[in-house]
Every structure is written in structure tokens, then in C-alpha cells.
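Each chain, written out:
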Amino acid sequence: MKRPGCLLAAVGAAIVLGLLGRCTALVLDPASGGPDNRVAAADSRVCAQTGGNNLPLAEATAHFGLAVPPAATDLVFTADAGGLQGDFSLTLRFTTTPADLATFLSAGDFEPPSAATTVSTGDWTTYEPGAAVRPAGGPCGLTPPVGPAIVYSRDGRGYAGKAGPRSLAVDGATDPAHPVVWVSAVDL
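Read on for an overview of the structure. (Residues numbered from 1 in each chain as written. Predicted model: local features only at pLDDT ≥ 70, side-chain atom pairs only at ≥ 80, totals over all residues. Heavy atoms only, no water.)

1. Quick word on the overall build of the protein
Moving on, step 1. Of the regular secondary structure elements, the protein holds 4 helices and 5 strands.
Moving on, step 2. The order of α-helices and β-strands along the protein, N terminus first, is α-α-α-β-β-α-β-β-β.
Moving on, step 3. Put simply, the protein has 188 residues, and 38% of those count as buried.
Moving on, step 4. Considering only residue pairs separated by 6 or more positions, the protein has 56% of its internal contacts joining residues 24 or more positions apart.
Moving on, step 5. Counting only carbon and sulfur atoms, one obtains 62% of the accessible surface of the protein, whose full area is about 10300 Å². (Helix = DSSP H or I, 4+ residues; strand = E, 2+ residues; numbered from the N terminus. Buried < 20%, exposed > 50% of the residue type's maximum accessible area, 1.4 Å probe, protein only. Contact = heavy atoms within 4.5 Å. Areas by Shrake-Rupley, 256 points an atom, 1.4 Å probe, with all protein chains shown as cover.)

Below, the structure written as C-alpha cells:
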């Protein structure tokens, strides 16, 4: 005779395993059984150190109301849709010109970047006097550096009717003719 506690534990374990299976199926490509990383195979700008890149750059930037300058260089990104929560996310870095940066900020409805702006995106950290200076990090340098030359802008108001944060960091001091821009955007 089975004890009620053992039966309850067995039923609970079966439910948990069933839910894990369903959640895993949401993020895995049914054809390969692995993460859906099809965009990385077709776009060399995808950060090779990341997986699950199933959203083309044009679709991701359009979703978040962004227009990357056509002449941007050194562009690298990671973007996905349909994770466990059905969210879209985009992280990108590119180098541009001061004029194209101004156009990008205006078209994206960002506030002017400032050293006084704080951000709360992922592991982004803002510089405060006395804080340690840190180079760009994360996969493919997609996390901006920390230092007095970095300025930030944040859009907590939403974009194109959506309610997700977009954060931006700019290093326009290291090479003023070629500012480097980092963007992180996610649906909540």
C-alpha cells in the first residue's frame, strides 16, 4: 500500500516535469531540438558568443522603434522573440558619426544622453565618482564600459505604444568623430 505522501510527491513531480517540458518546447527549435539560432547562421553581425538569436535585426529594431544609421560600422547584436515569457529583446552596439548619432537619438525619441542618467538594464552600471573604470564586457562587448566618458539615456516611457524599457549608452569622448553606441531594449 502506497502512502499518501509518496503519491502526492509523485503527482507533483509529474506536474513539474510536464511544465518544464512545455516551457522547454517554447524556446527550442522543433526541427533540431536545440535553441532556435537561425538568424546567427544568416547574419555575421550576430554575436557568436550568444544563442537563441531568432529575430533579424531589422525586425528587432522596428519592434523597438529604432533606426540604426545606414553608415553604422562595427555593428554587433543579439535579438530574440518568444522566450519563456513571449518577450522581444535586443542588445546592440555600433559605431557612428556625431550627426548620425543625433539623428538616431531623435528618431528613437531618446532624451539627450547624460552622465547623470542612471540605467537599470541587465548588468549595465553607470559611473559614479570614485567608481572603478571598467572596459566594455559581456558577450561581444555588448555591455557598455563604465567610466566618466560614458553618457546614458533611458526610455522608461515606452516606445511605439509598448511598455518596455530601452537604455542607451554612448562613448563620444574616446573618439569624438566616431561615437560608440550601446542599446538594450526588452519587452516587459
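2. Considerations on the nonpolar core
Moving on, step 1. Ranked by internal contacts, the top residues of the largest apolar core, which has 24 residues, are Phe77, Leu90, Phe104, Leu168 and Val181.
Moving on, step 2. Those elements giving two or more residues to this core turn out to be helix H3 (57–63), strand S1 (73–81), strand S2 (88–95), helix H4 (98–107), strand S4 (166–171) and strand S5 (180–186).
Moving on, step 3. For this core, the element with the most residues is S1, which contributes 4 residues.
Moving on, step 4. Not counting the four nearest positions on each side in its chain, phenylalanine 77 is found in contact with Val39, Asp43, Arg45, Val46, Cys47, Leu55, Leu57, Leu90, Thr91, Leu92 and Leu142.
Moving on, step 5. Listed in part, the 6 residues of the second largest apolar core include Val119, Tyr152, Ala169 and Trp182. (Core = buried A, V, L, I, M, F, W, Y, C linked by side-chain atoms within 4.5 Å.)

3. Comments concerning the pattern of salt bridges
Moving on, step 1. The final tally for this structure, using the stated rule, is 1 salt bridge.
Moving on, step 2. Note that aspartate 43 is salt-bridged to arginine 45, the shortest N-O span being 2.9 Å. (Salt bridge = Lys/Arg side-chain N within 4 Å of Asp/Glu carboxyl O.)

4. Brief notes about the packing of aromatic side chains
Moving on, step 1. Inspection of the entire model under this criterion finds 2 aromatic pairs.
Moving on, step 2. When the ring of phenylalanine 94 is compared with that of phenylalanine 104, the centres are 5.3 Å apart and the planes differ by 80 degrees; the resulting orientation is edge-to-face. Residue phenylalanine 94 is located in strand S2, and its partner phenylalanine 104 is located in helix H4; the two are separated by 10 residues in the primary sequence.
Moving on, step 3. You can call phenylalanine 94 buried: its relative accessible area is 0%.
Moving on, step 4. For phenylalanine 104, a relative accessible area of 2% corresponds to the buried category.
Moving on, step 5. Centroid distance phenylalanine 104 to phenylalanine 110: 6.2 Å. Interplanar angle 25 degrees. Geometry classified as stacked. The same class applies to phenylalanine 104 as to phenylalanine 110, namely buried.
Moving on, step 6. An aromatic cluster of at least three residues, connected via ring pairs, comprises Phe94, Phe104 and Phe110.
Moving on, step 7. The aromatic ring of phenylalanine 110 is capped on one face by arginine 166, whose charged end is 4.4 Å from the ring centroid. (Phe/Tyr/Trp six-rings, centres within 6.5 Å; stacked < 30°, edge-to-face > 60°. Lys NZ or Arg CZ within 6 Å of the ring centre and 35° of its normal.)

5. Describing the sheet that holds S1
Moving on, step 1. Taken in spatial order, the 5 strands of this open sheet run S1-S2-S5-S4-S3, and their pairing is antiparallel. Whereas interior strands pair on both sides, the edge strands pair on one side only; in this sheet they are S1 and strand S3 (150–155). Sheet twist, expressed as the mean angle between neighbouring strand axes with direction ignored, is 10 degrees.
Moving on, step 2. Across 7 bridges, S2 lies against S5 in antiparallel orientation. Pairing of threonine 95 across the sheet is with valine 180, part of S5. (Pairing = 2+ DSSP bridges. Axes fitted to C-alpha atoms, helices over the stretch in contact; angles between N-to-C directions.)

6. So, the pairing of S4
Moving on, step 1. Burial of S4 is extensive: 6 of the 6 residues sit out of reach of the surface.
Moving on, step 2. Where burial is concerned, the two faces of S4 agree: the one with Arg166, Leu168 and Val170 and the one with Ser167, Ala169 and Asp171 are both buried.
Moving on, step 3. Bridging between S3 and S4 involves 6 bridges; their strand directions are antiparallel. Bridging from a neighbouring strand, valine 151 pairs with valine 170 of S4.
Moving on, step 4. Taken together, the 6 bridges between S4 and S5 define a ladder with antiparallel strand orientation. For arginine 166, the partnering residue across the bridge sits in S5 and is alanine 185.

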